[in-house]
Amino acid sequence: MIDTSRSTPEADLAFLRSIVQGGGDPRATLTMGVMYLAGGLLYGLQCLVHIGQSLGIVRWSGPVSLAFVAGITVAFLVVMVWAIREDRKRPKASPIVTRTLNAAFSGAGMANLAIIIVFGFGAARDEDFAVWLYYPAMIFALQSAAWYVAWTLKKKGWMLAASLGGWATAVALGLLVRQPLIYLYVATAALFLLFAGPGWIITRESLKKRTVDADAG
């Protein structure tokens, strides 16, 4: 009689691969994808409006412009609250790759908060709005680093493209802080391509996996 309780090398290898790579919970990447997609679209739209205002196409009063900017922020906060609630519903156990990616992007988020404080205080103290414009450049630099970590783990070409694009955007924005209109052009394109773009890819892949898992179940 064959002892089926003993594992084979192939079974052991498959088990280890499942721990590292895992099938993964689709919600683990869906929330991240939705946040990137929403952030890119919302803040990209805001930049488009600012371009329109600079060119004289959009002529809103001060209160209307302020309400629009506040509305963009509120809309993104709503998406963020949804994402946090969804994340709490996920199983705590997840593949090593997923946990590493989450740690990389969470770390970038923590650094973002520090950057907001530093550049916000500096801009207010020096009464120079251009100082604040260095903040988005740093955000894209941090995102570039996070996407590079993602690429080394997943080896997906679009992740490397997002990393290189974020690096190039960071440099460009840093050099254009005294040229606001061109700065807005670059920031708008980067938000749509490097935030909304990856967000759409991640969301699409997560929804596709969720559908496959539902059909299999």
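Residues numbered from 1 in each chain as written. Predicted model: local features only at pLDDT ≥ 70, side-chain atom pairs only at ≥ 80, totals over all residues. Heavy atoms only, no water.

Some thoughts on the overall build of the protein chain
And step 1. Each helix and strand in the protein chain was counted, giving eight helices and zero strands.
And step 2. The proportion of buried residues among the 217 residues of the protein chain is 35%.
And step 3. By element, 70% of the accessible surface of the protein chain is carried by carbon and sulfur atoms, the whole surface being about 13100 Å². (Helix = DSSP H or I, 4+ residues; strand = E, 2+ residues; numbered from the N terminus. Buried < 20%, exposed > 50% of the residue type's maximum accessible area, 1.4 Å probe, protein only. Areas by Shrake-Rupley, 256 points an atom, 1.4 Å probe, with all protein chains shown as cover.)

A few points about the nonpolar core
And step 1. Among the nonpolar cores identified, the biggest contains 32 residues, and Phe 140, Trp 147, Trp 158, Met 159, Leu 173, Tyr 183 and Phe 195 are the most heavily contacted of them.
And step 2. Contributions of two or more residues to this core are made by helix H2 (26–54), helix H4 (96–126), helix H6 (134–154), helix H7 (157–175) and helix H8 (180–216).
And step 3. Of all the elements, H8 adds the most residues to this core, at nine residues.
And step 4. Core analysis: the next-biggest nonpolar cluster, separate from the first, contains seven residues, Ala 38, Phe 68, Ile 72 and Val 79 among them. (Core = buried A, V, L, I, M, F, W, Y, C linked by side-chain atoms within 4.5 Å.)

As for H6
And step 1. Taking 1.5 Å per residue, 21 residues should reach 30 Å; H6 reaches 30 Å between its end C-alpha atoms and fits that length.
And step 2. Buried residues of H6: Tyr 135, Ala 137, Ile 139, Phe 140, Gln 143, Ser 144, Ala 146, Trp 147, Ala 150 and Trp 151, and no others. (Expected span 1.5 Å × (residues − 1).)

Focus on the pattern of salt bridges
And step 1. The tally for this structure, following the rule as stated, stands at three salt bridges.
And step 2. Among the salt bridges present, the one from Lys 156 reaches Glu 205, with a minimum N-O distance of 3.3 Å. With Lys 156 in the loop between H6 and H7 and Glu 205 in helix H8, this residue pair connects regions lying 49 residues apart in the sequence. (Salt bridge = Lys/Arg side-chain N within 4 Å of Asp/Glu carboxyl O.)

Some details on the confidence of the model for the protein chain
And step 1. Summarising the model, the protein chain shows a mean pLDDT of 81, and 74% of its residues fall at 70 or more.
And step 2. Across the protein chain, the secondary-structure element scoring lowest on mean pLDDT is helix H1 (residues 9–20), at 46, and the one scoring highest is H7, at 96.
And step 3. Confidence drops under pLDDT 50 across residues 12–23; counting only partners more than four residues distant or on other chains, this segment forms 10 contacts. (pLDDT = per-residue confidence, 0-100. Contact = heavy atoms within 4.5 Å.)

With respect to a nonpolar patch on the surface
And step 1. Nonpolar side chains collect at one region of the surface, where Leu 55, Ile 57, Ile 182 and Tyr 185 lie side by side and expose about 400 Å² of accessible area between them.
And step 2. Tracing the backbone through its elements, the reader meets Ile 57 in the loop between H2 and helix H3 (62–89).
And step 3. Here Ile 57 falls in the exposed class, since its relative accessible area comes to 65%. (Patch = residues over 30% accessible without salt bridge, like charges linked within 9 Å, V, L, I, M, F, W, Y side chains within 5 Å.)

Digging into unusual backbone geometry
And step 1. A positive phi angle, close to 50 degrees, is found at Glu 127, a residue other than glycine.
And step 2. With respect to the helices and strands, the residue Glu 127 is situated in the loop between H4 and helix H5 (129–132).
And step 3. In this model, Lys 155 sits at a positive phi of 55 degrees, which is unusual for a non-glycine residue.

As for the packing of H6 against H7
And step 1. For the pair H6 and H7, interaxial distance at closest approach is 7 Å and the crossing angle is 160 degrees. One way to sum up the angle between H6 and H7 is to call them roughly antiparallel. Viewed along their axes, H6 and H7 form a crossing whose handedness is left-handed. Contacts between H6 and H7 involve Tyr 134, Pro 136, Ala 137, Phe 140, Ala 141, Ser 144, Trp 147, Tyr 148, Ala 150, Trp 151 and Lys 154 on the former and, on the latter, Trp 158, Met 159, Leu 160, Ala 162, Ser 163, Gly 166, Trp 167, Thr 169, Ala 170, Leu 173 and Gly 174.
And step 2. Its residues assigned to classes, the contact of H6 with H7 comprises 16 nonpolar, five polar and one charged. (Axes fitted to C-alpha atoms, helices over the stretch in contact; angles between N-to-C directions. Parallel < 35°, antiparallel > 145°, perpendicular 65-115°, else oblique. Left-handed = near helix turned anticlockwise from the far one by under 90°. Nonpolar A, V, L, I, M, F, W, Y, C, P; charged D, E, K, R; others polar.)

As for the packing of aromatic side chains
And step 1. Counted by the stated rule, this structure contains eight aromatic pairs.
And step 2. When the centroid spacing of 5.2 Å and the interplanar angle of 65 degrees are considered together, the rings of Trp 60 and Phe 68 count as edge-to-face.
And step 3. Judged by relative accessible area, which is 38%, Trp 60 ranks as partly exposed.
And step 4. Joined through ring pairs, the aromatic side chains of Tyr 36, Phe 140, Trp 147, Trp 158 and Phe 195 make up one cluster.
And step 5. For the cation-ring pair, Lys 155 lies above Trp 151, with the distance from its terminal atom to the ring centre recorded as 4.1 Å. (Phe/Tyr/Trp six-rings, centres within 6.5 Å; stacked < 30°, edge-to-face > 60°. Lys NZ or Arg CZ within 6 Å of the ring centre and 35° of its normal.)

Brief notes about the side chain of Ser 206
And step 1. In this fold, Ser 206 is placed in helix H8.
And step 2. Using a relative accessible area of 4% as the deciding quantity, one classes Ser 206 as buried.
And step 3. Of the polar contacts made by the side chain of Ser 206, one reaches the backbone oxygen of Ile 202; its length is 2.9 Å. (Polar contact = N/O pair within 3.5 Å; in protein donor to acceptor, adjacent residues only side chain to side chain.)

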